[in-house]
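# Structural overview
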Amino acid sequence: MKRFLECGKIVTTHGLRGEVKVQPWCDSPEELAEWETLYLDKGDTEVTVERARVQKNMVILKLAGVDRVEDAQLLRGRILYLDRTMEELEEGVYYIQDLLGMEVRDADTGTLYGELVDVTETGANDVYHIRFADGKVRLIPAIPQVVISVDVEAARMEIRPLEGLFDDAAL
């Protein structure tokens, strides 16, 4: 399990005093703006956030030591990371990066359905994309009636598909 998780990308500079504009990859721009410490270089370089604000679904950050537009320019295109150990997730809440690549099995029979390859956030509930052995991607709702268990450490998810959900699948 990765300690440092991608949380956004610095897309451009903002103003003349070293601020950067970040495209957030979190659940919301507000969530990214709450962090006081972020990281560059896959977690190797710690950066302190002096201030942050949300502007039109983007986050404007002022990072310590980045005081001129020329300094900020050097950060364009860089990925920001957060340290997962700094936040306790609620029961049943997972980082998308931890879900991707999980094997998905039937909770009752143990039958391997495939691999979780993508997550779509719809608002009501997430939708998990599972690639079956035949190459087709099938979708399941991420709801308690379907997702029975998730083991991040073992990279395994057990599901109980709703009736008719995989009718086109040759299992």
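Here's what I pulled together on the structure shown here. (Residues numbered from 1 in each chain as written. Predicted model: local features only at pLDDT ≥ 70, side-chain atom pairs only at ≥ 80, totals over all residues. Heavy atoms only, no water.)

## Here we look at the environment of Thr-111
Heads up, the condition is: Only runs of H or I of at least four residues qualify as helices and only runs of E of at least two qualify as strands under DSSP, and these elements are numbered from the N terminus. Throughout, a residue-residue contact means that at least one pair of heavy atoms, one from each residue, lies within 4.5 Å.
Among the secondary structure elements, Thr-111 is positioned in the loop between strand S7 (103-106) and strand S8 (112-121). Setting aside residues no more than four positions away along its own chain, Thr-111 makes contact with Val-104, Arg-105 and Asp-106.

## Notes on the layout of surface pockets
Put simply, the rule is: The rule is simple: put a 1 Å grid over the protein atoms alone, call a set of points where a 1.4 Å probe fits but cannot get out a cavity, call an open set with protein on both sides within 12 Å along at least five of seven lines a pocket, and count a residue as lining if it has an atom within 4 Å of a point. Grid points are joined across faces, edges and corners, and a volume is the space filled by probe spheres set on the points. Three categories are distinguished: nonpolar for Ala, Val, Leu, Ile, Met, Phe, Trp, Tyr, Cys and Pro, charged for Asp, Glu, Lys and Arg, and polar for the others, with Gly belonging to the last.
Roughly 770 Å³ of internal volume is contained in the largest pocket. As for the largest pocket, its lining consists of 29 residues, and the residues nearest its centre are Asp-27, Val-93, Tyr-94, Tyr-95 and Ile-96. Those elements that provide at least two residues to the lining of the largest pocket are strand S1 (4-14), helix H3 (96-99), strand S9 (126-132) and strand S11 (147-151). The greatest single-element share of the lining of the largest pocket, amounting to four residues, is contributed by S11. The class makeup of the residues in the lining of the largest pocket is 18 nonpolar, three polar and eight charged.

## Some thoughts on the pattern of salt bridges
Any two side chains of opposite charge can pair, so long as their charged atoms come close to each other. Stated formally: Here a salt bridge means any side-chain nitrogen of Lys or Arg lying within 4 Å of a carboxyl oxygen belonging to Asp or Glu. Summary of the burial criterion: residues with accessible area below 20% of their type's maximum are buried, those above 50% are exposed, and those between are partly exposed, where the area comes from a 1.4 Å probe applied to protein chains only.
Scanning the model with the defined rule gives 14 salt bridges in all. The closest approach of N and O atoms between Asp-41 and Arg-78, which form a salt bridge, is 2.7 Å. Here Asp-41, found in the loop between strand S3 (37-40) and strand S4 (45-55), pairs with Arg-78, found in the loop between helix H2 (69-73) and strand S6 (79-83); they are 37 residues apart in sequence, far enough to count as distant. Among the residues examined, Asp-41 registers a relative accessible area of 36% and is labelled partly exposed. Overall, the relative accessible area of 27% leaves Arg-78 in the partly exposed class. With its nearest N and O atoms 3.1 Å apart, the salt bridge here joins Arg-68 to Asp-71. Through salt bridges with shared partners, a single ionic network connects Glu-103, Arg-105, Arg-156 and Glu-158.

## Topic: the pairing of S4
Heads up, the rule is: Paired strands, in this sense, are two strands between which DSSP finds at least two bridges.
Sheet analysis places S3 next to S4, joined by four bridges and oriented antiparallel. Within S4, the residue paired with Thr-37 across the bridge is Thr-48. Linking two consecutive strands that pair antiparallel, namely S3 and S4, is a turn of four residues; a positive phi of about 55° is found at Asp-41 within it. Pairing geometry for S4 and strand S5 (residues 58-63), over six bridges, is antiparallel. Within the sheet, the bridge partner assigned to Arg-53 lies in S5 and is Ile-60. Once S4 ends, the chain turns through two residues before running back antiparallel as S5, passing Lys-56 with a positive phi of about 50°.

## Focus: the nonpolar core
Put simply, the rule is: Buried Ala, Val, Leu, Ile, Met, Phe, Trp, Tyr and Cys residues that are joined via side-chain atoms within 4.5 Å together make up what is termed a nonpolar core.
Counting residues in each nonpolar core, the largest one holds 21 residues, and the members touching the most others are Val-22, Leu-38, Leu-61 and Leu-80. Within the residue set of this core, elements represented by two or more residues are S1, strand S2 (19-24), S3, S4, S5 and S6. Apart from the residues lying within four places of it in its own chain, the contact partners of Leu-61 are Gly-18, Glu-19, Val-20, Val-22, Leu-38, Val-49, Arg-51, Ala-52 and Leu-80. Core analysis: the next-biggest nonpolar cluster, separate from the first, contains 16 residues, Val-104, Tyr-128, Met-157 and Ile-159 among them.

## Remarks on the state of the cysteines
Short version of the rule: Whenever a pair of cysteine sulfur atoms sits within 2.5 Å, that pair is classed as a disulfide.
The final tally for this structure, using the stated rule, is zero disulfides. Of the cysteine sulfurs around Cys-7, a residue in no disulfide, the closest is that of Cys-26, at 5.1 Å.

## Comments concerning the sheet that holds S11
Inclusion rule: Note on geometry: axes are lines fitted to C-alpha atoms, helical ones only across the stretch in contact, with angles between N-to-C directions running from 0 to 180 degrees.
Spatially, the six strands line up as an open sheet ordered S10-S9-S8-S7-S12-S11, and their pairing is mixed. Single-partner strands in this sheet number two, and they are strand S10 (137-141) and S11. Each neighbouring strand pair of the sheet contributes to a mean axis angle of 35°, computed without reference to strand direction. In this structure, S7 lies alongside strand S12 (residues 156-159), joined through four bridges in parallel fashion.

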